[in-house]
Amino acid sequence: MAAPMQRSMLKLLRSSSVALKRSFSTSRVAATSSVIQHKKYSTEPHFSKYGGRTTVTALSGDGVGPELLSYVQEIFRYAGVPVDFEELEINGSTTDEETLRSALLSVQRNGIALKGNIESKFDEPGFKSMNVELRTQLELFASIVWCKSIPGVYTRHQGLDIILIRENTEGEYSNLEYQIVPGCIENLKIITEAKSTKIAKYAFEFAKTHGRKKVTAIHKANIMKLGDGLFLESCRKVASQYPDIEFNDMIVDNASMQMVSKPQQFDVLVMPNLYGNILSNITAGLVGGYGVVSGMNIGDDYAVFEMGTRSSGRSLKGKNIANPTGMLLASCDMLNYIGCNKHAELIRDSVMKVMSVDKVQTPDLGGQATTLEVIQAIIEDIKPKTTSWSTTAAQNVYSLR
């Protein structure tokens, strides 16, 4: 008698609770969708520029984030990059609303940020991920991680050139978790047609712009037929508008296996949030690890650049062995975004020469160099190039007299 009554009570509690929460989440999704439908797919850069110099927000992050950001600033100084940094300390310990608000206001003011990874505590149920808050509140809908094999860096697979594009604001990261009754948790995965269409459109446009031939949608629609089914159907509709780009789809567990066994088959991948996070980390591991891959978070109005994987490198903090390549390449992506292409090419070429030709590599790549030795080698490679710039500029001025 007690068991049927208990089941009835649980069913009643759950139905009333779910109705209330789904009502809330539906209104939240509807409001979000209505905003998105009126926005264009344009991601034209918006950033503050005064007197020929651009101001960029620097968000410190945890672990090796602060030290890597300081190295970026040092290399920018030697390269003559016309960028000023507005530095803000934000990490896993600064979780108050005021710190988040200050960070948001700074990015909104400057339009662009370079960021160290902020740790998210998984053993505190009420803890909000500052990374997720920044992405959702700034509407950074697209995460782009470009994983490319690096000459001189030994890995199992060579010749990889894979672009992973991930929807960045919904899915399992919607932060809608509830305890129905003790011992029973409900986690809502939100998938909307508006955001699925938007990220698919972005992926195909990115592929078209960069001369890519194929886009693969990653999903689990064989099990999550409604949510992932909607994402897949949205991708298929967008794909029909790009007849010159091949389109296929792959179930996420098969995609994970294929990525480590035959990664050369992939070109551009487009995915919901969680799958994108997992596959980006797998692919980064195939080309040298978290130390060599950069990442971009792009929205209609703002952009945040960081390392391609979300590791803070806490165990490497203060040891002078962290690989600065990923953060330096992220800074080059940022320079391309704001139109400083000459400086981006200068720094990127020097980073690659030091790592691939001179073989000055940190322990994660099998080398013995310290972080400072890598940075110094890059600076020494940059110096004569910027000197030649100054000489050429002086000669041009003289010839005009």
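Above: the structure in question.
Residues numbered from 1 in each chain as written. Predicted model: local features only at pLDDT ≥ 70, side-chain atom pairs only at ≥ 80, totals over all residues. Heavy atoms only, no water.

### Structural notes on helix α5 (residues 193–209)
Which entries qualify depends on this criterion: Strands are runs of DSSP state E lasting at least two residues, helices are runs of H or I lasting at least four, and both sets are numbered from the N terminus onward. To estimate the expected span of a helix, subtract one from its residue number and multiply by 1.5 Å. Relative accessibility under 20% of the residue-type maximum defines a buried residue, over 50% an exposed one, and the middle range a partly exposed one, all with a 1.4 Å probe and only protein chains included.
When the terminal C-alpha atoms of α5 are compared, their 24 Å separation across 17 residues agrees well with the 24 Å that a helix rising 1.5 Å per residue should span. In terms of residue burial, α5 counts as a mostly covered element, since 12 of its 17 residues are buried. Of the positions making up α5, those classed as buried are Ala194, Lys195, Ser196, Lys198, Ile199, Ala200, Lys201, Tyr202, Ala203, Phe204, Phe206 and Ala207. Just beyond α5, the residue with positive phi is Gly211, at close to 65°.

### Some points on helix α8 (residues 273–286)
What counts here: For this analysis, residues touch if any pair of their heavy atoms sits within 4.5 Å.
Over its 14 residues, α8 extends 20 Å from the first C-alpha to the last, a length consistent with the 20 Å expected when each residue adds 1.5 Å. Inspection of α8 places Asn273, Tyr275, Gly276, Asn277, Leu279, Ser280, Thr283, Ala284 and Leu286 among the buried residues, and these make up the whole buried set. Here the buried face of α8 lies against β5 (142–148), β6 (161–167), β9 (214–219), α6 (227–239), α7 (252–261) and β11 (268–271). The first or second residue beyond α8 is Gly288, which carries a positive phi of 135°.

### Re the nonpolar core
Worth spelling out the cut-off: Grouping buried Ala, Val, Leu, Ile, Met, Phe, Trp, Tyr and Cys residues that are joined through side-chain atoms within 4.5 Å yields what is termed a nonpolar core.
Membership of the largest hydrophobic core comes to 68 residues, with the highest contact counts inside it found for Phe76, Leu114, Ile144, Ile165, Phe305, Leu335 and Ile347. It is helix α9 (residues 325–337) that provides the largest number of residues to this core, a total of eight residues. Residue contacts for Ile347: discarding those within four places in its chain leaves Ile75, Phe76, Ala79, Val81, Cys332, Leu335 and Ile382.

### Describing the packing of helix α2 (residues 65–79) against α9
For clarity, the threshold we go by: Think of each axis as a best-fit line through the C-alpha atoms, taken over the contacting stretch in the case of a helix, with angles from 0 to 180 degrees between the N-to-C directions. The labels follow the angle: roughly parallel below 35 degrees, roughly antiparallel above 145, roughly perpendicular from 65 to 115, and oblique for the rest. Helix crossings are classified by the rotation of the near helix relative to the far one: an anticlockwise turn of less than a right angle makes the crossing left-handed, while a clockwise turn makes it right-handed. Residues are grouped as follows: Ala, Val, Leu, Ile, Met, Phe, Trp, Tyr, Cys and Pro are nonpolar; Asp, Glu, Lys and Arg are charged; all remaining types, including Gly, are polar.
Where α2 contacts α9, the two axes come as close as 9 Å, and the packing angle between them is 55°. The angle between the axes of α2 and α9 places the two elements in the oblique class. In this structure, α2 meets α9 at a crossing whose hand is right-handed. Residues Leu68, Leu69, Val72, Ile75 and Phe76 of α2 lie in contact with α9, whose contacting residues are Met327, Leu328, Ser331, Met334 and Leu335. For the contact of α2 with α9, the class distribution of residues is nine nonpolar, one polar and no charged.

### Side note on empty space enclosed by the protein
Definition in use: Cavities and pockets are found on a 1 Å grid laid over the protein atoms alone: a cavity is a set of points where a 1.4 Å probe fits but cannot escape, a pocket is an open set with protein on both sides within 12 Å along at least five of seven lines, and a lining residue has an atom within 4 Å of such a point. Grid points are joined across faces, edges and corners, and a volume is the space filled by probe spheres set on the points.
Evaluation of the coordinates by the stated rule reveals five cavities of 30 Å³ or more. Each pocket or cavity is described by its volume, and for the largest cavity that value is around 60 Å³. If you trace the largest cavity, you find it lined by Val64, Gly65, Leu68, Lys115, Gly116, Asn117, Glu306, Met307, Thr309, Ser311, Ser312 and Met327. Looking at the lining of the largest cavity residue by residue, the classes come out as four nonpolar, six polar and two charged. What the second largest cavity holds in volume is close to 50 Å³.

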